[in-house]
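A structural walkthrough
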Amino acid sequence: MVQRLKRQFGSGLNPVTYLGQNYMEVDRSLIPEILQILHDQEQFDYCVDVTAVHYPERQRQFDVLWILYSFPLNERIRVKTQIADGETLPTCVDIWPTANWLEREVFDMFGIRFDRHPDMKRILLPEDWKGFPLRKDYGIIQQDTEWVKINLGIESGQ
Amino acid sequence: MTDATKYMSHLELGERDETFLDSNELIINMGPQHPATHGVLRVILKLDGEKVLGTECVIGYLHRGVEKIAENRTYTMFNPYVDRMDYVAAVSNGLGYCEAVEKLMNIQAPPRANYIRVILTELNRIASHQLWLGTHALDIGAMTPLFYTFRDREEILKIFEKYCGARLTTHAFRIGGCQYETYDGFEKDVQNFVTFVRPKIDEYEALLTSNRIWLERTREVGKISAKDCIALGVTGPVLRASGVKWDIRKAQPYAAYSEFDFEIPIGEKGDTYDRYLVRMAEMRQSLRIVEQAVGKIPSGPIMAKVPKVIKPPAGEIYHSIEAPKGELGYFIVSDGSTQPYRLRVRPPSFVNLQALDIMVRGQLVADVIAVIGTLDIVLGEVDR
């Protein structure tokens, strides 16, 4: 399968196996097409998870990952792409409806937006939360100090 | 896009659909402090009289930022935190985490440790299902099962307490094996428990399985097809009750599961009653596994050779196990230091909860309670 995809997409796709697990590093521009093919032709019918990793020192700061599973093949694969801060990705809600909340969580924690997502808003944190906590440059106590200052009128709760 | 809209669960609060009783269309709030929501779940319901037109879940009240905590702790320090996600099945959480880190470091837990892990995890699965049954039945109006299941669950918690000193957040496993050797009489205790609880499960079934009220409240309620389950990523007993024979313990065996003989119970219709039957059958299968395992715990060490400082090589891993609620996965990115660079938990409850909307649309308000119960969510895990 990987060979077939490799032939079709050439240098935009880089298959890797690490510790017996397969994943593909894919160019941002190929993402919608590859996810569609994986679902329609390669039988990856179950989207296990959508998540991201932040590398602040990199030019393209985020790795976004789709962890997929195929019931007929009993196989897992991860699709990984790099995007810059502010860049958006196409939603895969129309491929795997389960991506709805998972993408919302990625937005909530990393601030990565998904185009054409039906309901792109925070899911776990309150609507008025500032910043995106799972970014590496997000200070753990900044939110706390601010809240304490406004609500309790003291310098720090720490 | 037409297919996807079927699964969308957000309400257009401003819009009003054409309804049978148009003047009575109502938006009400259920929760967050509602005893039948199993924690702090808030559901916004759009109703036409008693009929549910749509729902939207508001979650996050119990969010503690587990994934961020992980980035600021060493691998060992983070281990007890995973118990606090699905706190009624803490042993499963620990097993998934320890195995993921072991995989990343390329170490193998010794066979004796794997057997102890399987026994404790399966006991925990029974405890989790018992808690589910008691509270689910209580939500629907049957009070007795709660007392029965809690009485029997206590026996499991006693075994946990004797083994590791804790009843709920057990922290039973360590990276590389188990910290504690089994206590004297462990095997006897477990065997006694198996013979004790087997007739008790029949007792629960005698109360409910052919109970007229139970049947009326659960049959044809919250139906979900196998196709919808897969599309929505629903796993665990909910998926199996819809007829998909899939269990990670069989599909991609971990720990020592490949050495035991057990079946995957499945349902047909995917309604609340089928999910009840599947979970009851699962408890019996778990007992079978425990019975097989406890008779032949191999001797040997309980810890693999693990370096004093846990420092996995740079790389990434995804490992998942079959928790009582469904697929529990850990995705860990290591940068070669003592702390995870990124740790992602794929929680079964969070993903399963997404199916609530499609399961209750067109049903009655009282059924929403039944469906929340049957999904078996733990808000600690939904919100993390």
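1. Regarding the overall build of chain A
- From N to C terminus, chain A includes four helices and seven strands.
- Traced from its N-terminal end to its C-terminal end, chain A shows the element sequence α-β-β-α-β-β-β-β-α-β-α.
- C-alpha extents for chain A along the principal axes are approximately 65 × 30 × 25 Å.
- Evaluated residue by residue, chain A yields a buried proportion of 35% over its 158 residues.

2. Points about the overall build of chain B
- Counting its regular elements, chain B contains 16 helices and 10 strands.
- For chain B, the C-alpha radius of gyration of 21 Å lies close to 21 Å, the compact-globule estimate for 384 residues.
- Counting only C-alpha atoms and orienting by the principal axes, one finds that chain B spans roughly 70 × 50 × 35 Å.
- Classification of the 384 residues of chain B by burial places 53% in the buried group.
- At a minimum sequence separation of 6, the contacts of chain B that also span at least 24 residues come to 71%.

3. Some thoughts on the nonpolar core
- Within the largest apolar cluster, 148 residues are counted, with the highest numbers of intra-cluster contacts made by Leu 68 and Val 79 of chain A together with Val 101, Ile 119, Ile 332, Leu 356 and Val 371 of chain B.
- If one sorts the elements of this core by residue count, helix 5 (residues 111–140) of chain B sits on top with 14 residues.
- The two domains that each donate at least three residues to this core are domain 1 (2–58) and domain 2 (66–383) of chain B.
- Excluding residues within four positions of it along the chain, Leu 356 of chain B makes contact with Thr 55, Cys 57, Val 371, Ile 372 and Leu 375 of chain B.

4. What about unusual backbone geometry?
Residue and element names in this part refer to chain B.
- Even without being glycine, His 171 reaches a positive phi, approximately 50 degrees.
- Look at His 171 and you get partly exposed, because 18 C-beta atoms sit within 10 Å.
- Of note, Glu 220 is a non-glycine position whose phi angle comes to about 60 degrees, a positive value.
- As for its placement among the helices and strands, Glu 220 is situated in the loop between helix 8 (212–218) and helix 9 (226–231).

5. What about the interface of chain A and chain B?
- Contacts between the two partners involve 29 residues from chain A and, on the opposite side, 34 residues from chain B.
- The greatest single-element share of the side of chain A that touches chain B, amounting to six residues, is contributed by strand 3 (residues 46–54) of chain A.
- Per-class residue counts for the side of chain A that touches chain B are 19 nonpolar, five polar and five charged.

6. Regarding the sheet that holds strand 5 (residues 51–58) of chain B
Residues and elements named next belong to chain B.
- Taken in spatial order, the three strands of this open sheet run 1-4-5, and their pairing is antiparallel. Edge strands, defined here as strands with exactly one partner in the open sheet, are strand 1 (25–30) and strand 5. Within the sheet, the average angular offset between the axes of one strand and its neighbour, ignoring direction, is 20 degrees.
- Bridge count for strand 4 (residues 42–48) against strand 5 is seven bridges, and the pairing is antiparallel.

7. Here we look at the packing of helix 5 of chain B against helix 6 (residues 144–164) of chain B
Residues and elements named next belong to chain B.
- Relative to each other, helix 5 and helix 6 sit at 160 degrees, their axes nearing to 9 Å. Judged on the interaxial angle alone, helix 6 and helix 5 are roughly antiparallel. As helix 5 runs across helix 6, the sense of the crossing is left-handed. Every residue of helix 6 that contacts helix 5 at Leu 123, Ile 126, Ala 127, Gln 130, Leu 131, Leu 133, Gly 134, Thr 135, Ala 137 and Leu 138 is listed here: Pro 145, Leu 146, Thr 149, Phe 150, Asp 152, Arg 153, Ile 156, Leu 157 and Ile 159.
- A class-by-class count of the residues in the contact of helix 5 with helix 6 yields 13 nonpolar, four polar and two charged.

8. A closer look at the domain arrangement of chain B
Residue and element names in this part refer to chain B.
- Splitting chain B by domain gives domain 1 (2–58) and domain 2 (66–383).
- Domain 1 puts 18 residues into the contact, and the matching count from domain 2 is 20 residues.
- Where the side of domain 1 that touches domain 2 is concerned, the elements lending two or more residues are strand 3 (39–40), strand 4 and strand 5.
- Considered class by class, the residues forming the side of domain 1 that touches domain 2 number 10 nonpolar, six polar and two charged.

9. Some details on the confidence of the model for chain B
- Averaged over every residue, the pLDDT of chain B is 87; the share at 70 or more is 94%.
- Interface scoring of the predicted complex returns ipTM 0.86; its pTM is 0.86.

10. Some thoughts on the environment of Asp 261 of chain B
All names here are of chain B.
- Structurally, the position occupied by Asp 261 is in the loop between helix 11 (248–251) and helix 12 (272–295).
- Assessed through the 8 C-beta atoms surrounding it within 10 Å, Asp 261 is described here as exposed.
- A C-alpha to C-alpha distance of 7.0 Å links Asp 261 and Ile 289, two positions 28 residues apart in sequence.

11. Quick word on the pairing of strand 5 (residues 75–83) of chain A
All names here are of chain A.
- Taken together, the three bridges between strand 2 (residues 21–26) and strand 5 define a ladder with parallel strand orientation. Opposite Met 24, over in strand 5, you have Val 79 as the bridge partner.
- One ladder, built from nine bridges, connects strand 4 (residues 62–70) with strand 5; its direction is antiparallel. Within the sheet, the bridge partner assigned to Tyr 69 lies in strand 5 and is Arg 76.
- In sequence, strand 4 turns back onto strand 5 through a hairpin of four residues, with Asn 74 there showing a positive phi of about 50 degrees.

12. Let's talk about helix 6 of chain B
All names here are of chain B.
- For helix 6, with 21 residues, the first-to-last C-alpha span of 31 Å sits near the 30 Å given by 1.5 Å per residue.
- For helix 6, the set of buried residues is Pro 145, Thr 149, Asp 152, Arg 153, Ile 156, Ile 159, Phe 160 and Tyr 163.
- Along its buried surface, helix 6 packs onto helix 5 and helix 7 (186–208).
- Just past helix 6, the residue Gly 165 takes up positive phi, approximately 90 degrees.

13. Some points on the sheet that holds strand 9 (residues 326–334) of chain B
All names here are of chain B.
- Here we have three strands laid out as an open sheet, ordered 8-9-10, and antiparallel in their pairing. Edge strands, defined here as strands with exactly one partner in the open sheet, are strand 8 (315–323) and strand 10 (340–346). The sheet shows a mean angle of 15 degrees between the axes of neighbouring strands, taken without regard to direction.
- Looking at chain direction, strand 8 and strand 9 are connected through nine bridges and run antiparallel. Counted as the bridge partner of Glu 322 is Glu 327 from strand 9.
- Strands in contact with helix 4 (residues 90–105) are strand 8 and strand 9; relative to strand 8, the strand with the most contacts, it is inclined by about 150 degrees.

Calculation rules
- Residues numbered from 1 in each chain as written.
- Chains lettered and ligands numbered in written order.
- Predicted model: local features only at pLDDT ≥ 70, side-chain atom pairs only at ≥ 80, totals over all residues.
- Helix = DSSP H or I, 4+ residues; strand = E, 2+ residues; numbered from the N terminus.
- Buried ≥ 20, exposed ≤ 12 C-beta atoms within 10 Å, placed from the backbone.
- Rg over C-alpha atoms; globule rule 2.2 N^0.38 Å.
- Contact = placed C-beta atoms within 7 Å.
- Core = buried A, V, L, I, M, F, W, Y, C linked by C-beta atoms within 7 Å.
- Domains from an automatic or database assignment.
- Nonpolar A, V, L, I, M, F, W, Y, C, P; charged D, E, K, R; others polar.
- Pairing = 2+ DSSP bridges.
- Axes fitted to C-alpha atoms, helices over the stretch in contact; angles between N-to-C directions.
- Parallel < 35°, antiparallel > 145°, perpendicular 65-115°, else oblique.
- Left-handed = near helix turned anticlockwise from the far one by under 90°.
- pLDDT = per-residue confidence, 0-100.
- Expected span 1.5 Å × (residues − 1).

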